[in-house]
Amino acid sequence: MIPHDPNRSQVDPRHLATTGRERELYELLCGTGYVPGKEVFGDFCESLKSGRVWLISGTRGSGKTAFPEALAQACNLTMCVVSGRDGLKQEEILYDWDREEQEVWMRENLSVAKGLPVSEQPEFLEKARRMKWQRQFLILGEVGLAYDLAAKAVKSKTPPPVLLLDESDKFGASIEDSLLMPLERGLIYIPRYEAGRIGITERESRPIVITTSNDLRHKLSGPFISRHIYSRFANPTLEKELEILLARNPDASSAQLALAIKLLDAVRGIAGMEDHPSIRESIDVAGAFVRDAVESLDDDSLTRYFCYFVKTGEARELLSLQLDYLLAMTNAFHPVIDTWLADRDALWASRWLRLAGQTGGRW
Ligand SMILES: Nc1ncnc2c1ncn2[C@@H]1O[C@H](COP(=O)(O)OP(=O)(O)O)[C@@H](O)[C@H]1O
Ligand SMILES: [Mg+2]
């Protein structure tokens, strides 16, 4: 669990969504440097309004994990996180009993019982055995904790926590099954526990649950998916990607932004590249250009930056044969990219206008 900052005020994103203040929520997210896609943000708001869990799938590096992180940061919410991996156990994520402490408890009570009149011992021990299943011996996993915190948040009139179920395609069938009840009813039933269950049934007060999937390891089960509102994180448009690059690298010059995005756009267009560079890579490349104050590339420097977005030997070979093409693309006018930059940067606009003048209006 990552607790919220007690020194900052909290915002309830569900309250914003249900009171028509979605724009405010969007701005809060952007304030963290995360720029959500308009469509997926709309889906997220639907999930908030309906109290349903939100499932996002998409390629690696498309911003799935970063979304709930940005949400927790923007609204100052406590965040519970389950990271998918093979062999994850129910008791790790829902609850477990602290067996050692329970044993100590029983041992202590047995020794107390020995000092009591024989007639009182059975009743005393019976009570001690029942109390073995009290809250103090319950260890909550991240999912249990999130639902429990949400129930407490209602009492303290504070916003619910965020629960991130990350890379759920690695959970496997038994973990998915164990999540069906909390995701649907908001409750986790605990056999023998004195209160019987933890959680909160009211949808408007439940944790804000965001499930991600890379669609790689296992296919998610129908019942698990059906408990969610679904969105796909597609590759952003070039304009959106520029917005993100600028949000993540606020010090980047127009030349550096243009260089990074033209380069990656050209790489993505090369036939035979299997693993396309994602937003993660373009942010890193732009970051490297800012750090190294790079505003143009040649054969050597381009090859040096390959390591940021070329992830296999074959891809490196393929791209090494395309150096001239890639360099030409980074220097060429791109209608979408250069118009976007020119709209924000008068110097950039005049640079391309000047060039247009030299080429008789042809860019
Ligand atoms: N829309 C976005 N706005 C800002 N940063 C983004 C966006 N999408 C992705 N990123 C950044 O790209 C990187 C990869 O995102 P991440 O959420 O880890 O990808 P995923 O979980 O989909 O594999 C992170 O550094 C993240 O902050
Ligand atoms: Mg991720």
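Residues numbered from 1 in each chain as written. Chains lettered and ligands numbered in written order. Predicted model: local features only at pLDDT ≥ 70, side-chain atom pairs only at ≥ 80, totals over all residues.

Draft legend 1. Inspection of the site of ligand 1 at higher detail. Neighbouring ligand 1 are 18 residues; Gly 63, Lys 64, Thr 65, Ala 66 and Arg 280 lie closest to it. When residues of the shell around ligand 1 are traced back to their parent elements, those giving at least two are helix H11 (238-248) and helix H13 (279-291). Partitioning the shell around ligand 1 into residue classes produces 8 nonpolar, 6 polar and 4 charged. (Near = placed C-beta within 6 Å. Helix = DSSP H or I, 4+ residues; strand = E, 2+ residues; numbered from the N terminus. Nonpolar A, V, L, I, M, F, W, Y, C, P; charged D, E, K, R; others polar.)

Draft legend 2. Spatial organisation of the pairing of strand E1 (residues 53-58). Of the strand pairs in this sheet, E1 and strand E9 (residues 228-233) are connected by 6 bridges, and their pairing is parallel. Each bridged residue has a counterpart across the sheet, and for Val 53 the counterpart in E9 is His 228. Sheet topology places E1 next to strand E8 (residues 208-213); 4 bridges connect them, and they run parallel. What sits directly across from Ser 57, in E8, is Ser 213. (Pairing = 2+ DSSP bridges.)

Draft legend 3. Molecular detail of the sheet that holds strand E5 (residues 162-166). If you walk across this open sheet you meet the 5 strands as E2-E5-E8-E1-E9, and the pairing is parallel. Taken across any chain shown, the strands that pair with only one partner, and hence form the sheet edges, are strand E2 (79-83) and E9. Averaged over all neighbouring strand pairs, the angle between strand axes comes to 20°, with direction disregarded. (Axes fitted to C-alpha atoms, helices over the stretch in contact; angles between N-to-C directions.)

Draft legend 4. The arrangement of the nonpolar core in detail. Membership of the largest hydrophobic core comes to 80 residues, with the highest contact counts inside it found for Leu 71, Val 162 and Ala 260. Among the domains, domain 1 (13-92 + 141-233) and domain 3 (238-358) are the pair contributing at least three residues each to this core. Excluding residues that lie within four positions of it along the chain, Val 162 makes contacts with Pro 68, Leu 71, Ala 72, Leu 77, Met 79, Pro 207, Ile 208 and Ile 210. (Core = buried A, V, L, I, M, F, W, Y, C linked by C-beta atoms within 7 Å. Buried ≥ 20, exposed ≤ 12 C-beta atoms within 10 Å, placed from the backbone. Domains from an automatic or database assignment. Contact = placed C-beta atoms within 7 Å.)

Draft legend 5. Geometry of the packing of H11 against H13. At their nearest, the axes of H11 and H13 sit 10 Å apart, and the two run at 50° to each other. When the interaxial angle is binned, H11 and H13 end up oblique. Regarding H11 and H13, the two cross each other, and that crossing is right-handed. On H13, the residues touching Glu 241, Ile 244, Leu 245 and Arg 248 of H11 are Ile 279, Ser 282, Ile 283 and Ala 286. Taken together, the residues of the contact of H11 with H13 break down into 5 nonpolar, 1 polar and 2 charged. (Parallel < 35°, antiparallel > 145°, perpendicular 65-115°, else oblique. Left-handed = near helix turned anticlockwise from the far one by under 90°.)

Draft legend 6. The arrangement of the packing of helix H12 (residues 254-268) against helix H16 (residues 323-331) in detail. Put simply, H12 and H16 touch, their axes get as near as 8 Å, and they point 135° apart. Compared by their axis directions, H12 and H16 come out oblique. Handedness of the crossing formed by H12 with H16: right-handed. For the pair H12 and H16, contact is made by Leu 259, Lys 262, Leu 263, Ala 266 and Val 267 and by Tyr 325, Leu 326, Met 329 and Thr 330, respectively.

Draft legend 7. Examining the environment of Leu 323 more closely. Position of Leu 323 among the secondary structure elements: in helix H16. For Leu 323, the contacting residues outside a window of four places in its chain are Asp 299 and Leu 302.

Draft legend 8. Seen up close, the domain arrangement of the protein. Looking at the assigned domains, one finds that the protein contains domain 1 (13-92 + 141-233), domain 2 (95-136) and domain 3 (238-358). The distance between the C-alpha centroids of domain 1 and domain 3 comes to 35 Å. Every contact between the two is made by 9 residues of domain 1 and, on the other side, 9 residues of domain 3.

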